[in-house]
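Read off the chains here:
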Amino acid sequence: MFIVDAHLDLSMNAMEWNRDLRKPLSEIRRREAHMTDKPDRGKGTVSFGELRRGDIGLVVATQIARYVAPDNPLPGWHSPEQAWAQTQAQLAWYRAMEEEGELVQIANKAQLEEHLIRWESSDDERKPIGYILSLEGADSLITLRHLERAYEYGLRAVGPAHYGPGRYAQGTDATGFMGQKGQALLREMERLNIILDATHLCDDSFWEAMDHFHGPVWASHNNCRALVNHNRQFSDEQLRELVNRGAVIGGVLDAWMMVPGWTRGQSDPRAMNCSLEVVIDHMDHICQLAGNALHIGIGSDLDGGFGKEQSPYDLNSIADLQKIPELLRRRGYSEDDIQNVCHGNWLRFLRNAWR
Ligand SMILES: [Zn+2]
């Protein structure tokens, strides 16, 4: 089954985790098994080979770099200019992977259709994986002119916030509104037809964004507050708003967002009963609110700062996303629904947005 994954931090893994995603997963793990600088060392789940093995032929891939003011305890860059430069390094890696034939950038409808046909018809073991460029957290946009520059190199979705206070919007664990600067960003996104990724917006900024943005909205990687109560998740009211706007919401596989009571660095997926089945609970919750299966998809976020230690225990690599169709089938989802969840909903969204 062809799968679209709407959230992967591929270039962050290349440039900050120092992972060469062209290598087999076993080799990537072995190479860093002795390292202790990050909790997920030796436990990665994503490589180009595993994406192809899992028939994951289209992904939304991020640029990500936070700016932190002196009083912000989160990790990040000390100036927007440094953050911008980091995203340009990430872009340079995507370009290098395109030159190697590993990736192909998808930035419009014609490229999307062409890629889908090519992916379907090719048996090439090294066929390029399509990627749509997204920016997670807008801090690195030094000015709004930089958004236009980014659009020109292929940026097609922006999540204005990530964790904490941002320059254009307030994110997870923060509170407060987007204000004039954030609203100006939304207007510029609308002018350029850039997709708004509502993920990570705090409640205040979320509702402000819904009031001021009239373009396409998705939530690339978001689970449900009703099942795991945290401000990072969306409330039923927010999910209904997203559904009403035609959004697709990607189910995310970071264990702490799947099961309640997770303690980072301590909890164990098996002990917490965190299996892939759990993400179906979140997806199903959204389907019950929507009254259909047209607004959910996969936005796994695998290797987004965590590895196997904080992923469903029945997932060893991203290729195991292929278990999701059968899990949906067992819940009574029709074959049409399953195709929509695995790829159809994201594709419909993109075809509408890029019409
Ligand atoms: Zn995220």
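Residues numbered from 1 in each chain as written. Predicted model: local features only at pLDDT ≥ 70, side-chain atom pairs only at ≥ 80, totals over all residues. Heavy atoms only, no water.

Novice: In this structure, what is going on with the pairing of strand β4 (residues 129–136)? I would like to understand it.
Specialist: Along any regular strand the residues' side chains alternate between the sheet's two faces. Burial analysis of β4 places 8 of its 8 residues in the buried class, the great majority of the element. The side-chain alternation of β4 yields two buried faces, one formed by Ile 129, Tyr 131, Leu 133 and Leu 135 and the other by Gly 130, Ile 132, Ser 134 and Glu 136. Of the pairings in the sheet, the one linking strand β2 (residues 56–63) to β4 comprises 6 bridges and is parallel in character. Across the sheet, Val 59 pairs through a bridge with Tyr 131, a residue of β4. (Buried < 20%, exposed > 50% of the residue type's maximum accessible area, 1.4 Å probe, protein only. Helix = DSSP H or I, 4+ residues; strand = E, 2+ residues; numbered from the N terminus. Pairing = 2+ DSSP bridges.)

Novice: It is not clear to me how the packing of helix α6 (residues 144–152) against helix α7 (residues 179–192) should be interpreted in this structure. Could you clarify?
Specialist: In a packed pair of helices, the relevant descriptors are the angle between the two axes and the axis-to-axis distance. Interaxial distance between α6 and α7 falls to 10 Å at its minimum, and their mutual angle equals 25°. Taken together, the axes of α6 and α7 are roughly parallel relative to one another. Regarding α6 and α7, the two cross each other, and that crossing is right-handed. Together, Leu 144, Leu 147, Glu 148 and Tyr 151 of α6 and Ala 184, Leu 185, Glu 188, Met 189, Arg 191 and Leu 192 of α7 make up the contact between the two elements. (Axes fitted to C-alpha atoms, helices over the stretch in contact; angles between N-to-C directions. Parallel < 35°, antiparallel > 145°, perpendicular 65-115°, else oblique. Left-handed = near helix turned anticlockwise from the far one by under 90°. Contact = heavy atoms within 4.5 Å.)

Novice: Would you mind showing me how to read the coordination of the zinc ion here?
Specialist: Metal coordination angles in their ideal form are 109.5 degrees for the four-donor tetrahedron and 90 or 180 degrees for the six-donor octahedron. At the metal site, the zinc ion is ligated by Glu 136 (OE), His 200 (NE2) and His 221 (NE2), and these contacts range over 2.1 to 2.3 Å. Written as a sequence motif, the donor arrangement for the zinc ion is E-x63-H-x20-H. Of this pair, Glu 136 sits in strand β4 while His 200 is found in the loop between β6 (195–197) and α8 (203–212), placing the two residues 64 residues apart along the sequence. Each member of the pair, Glu 136 together with His 200, is buried. (Donors = N, O, S within 2.8 Å, 3.2 Å for Na, K, Ca; no water.)

Novice: Would you take a moment to explain the nonpolar core for this structure?
Specialist: Counting residues in hydrophobic clusters, the biggest one holds 106 residues, and the most contacted among them are Leu 10 and Leu 242. With 8 residues, the single largest contributor to this core is helix α13 (residues 335–353). Beyond its immediate stretch of four places on either side in the chain, Leu 10 contacts Leu 21, Val 46, Phe 48, Val 59, Ala 61, Trp 93 and Tyr 94. (Core = buried A, V, L, I, M, F, W, Y, C linked by side-chain atoms within 4.5 Å.)

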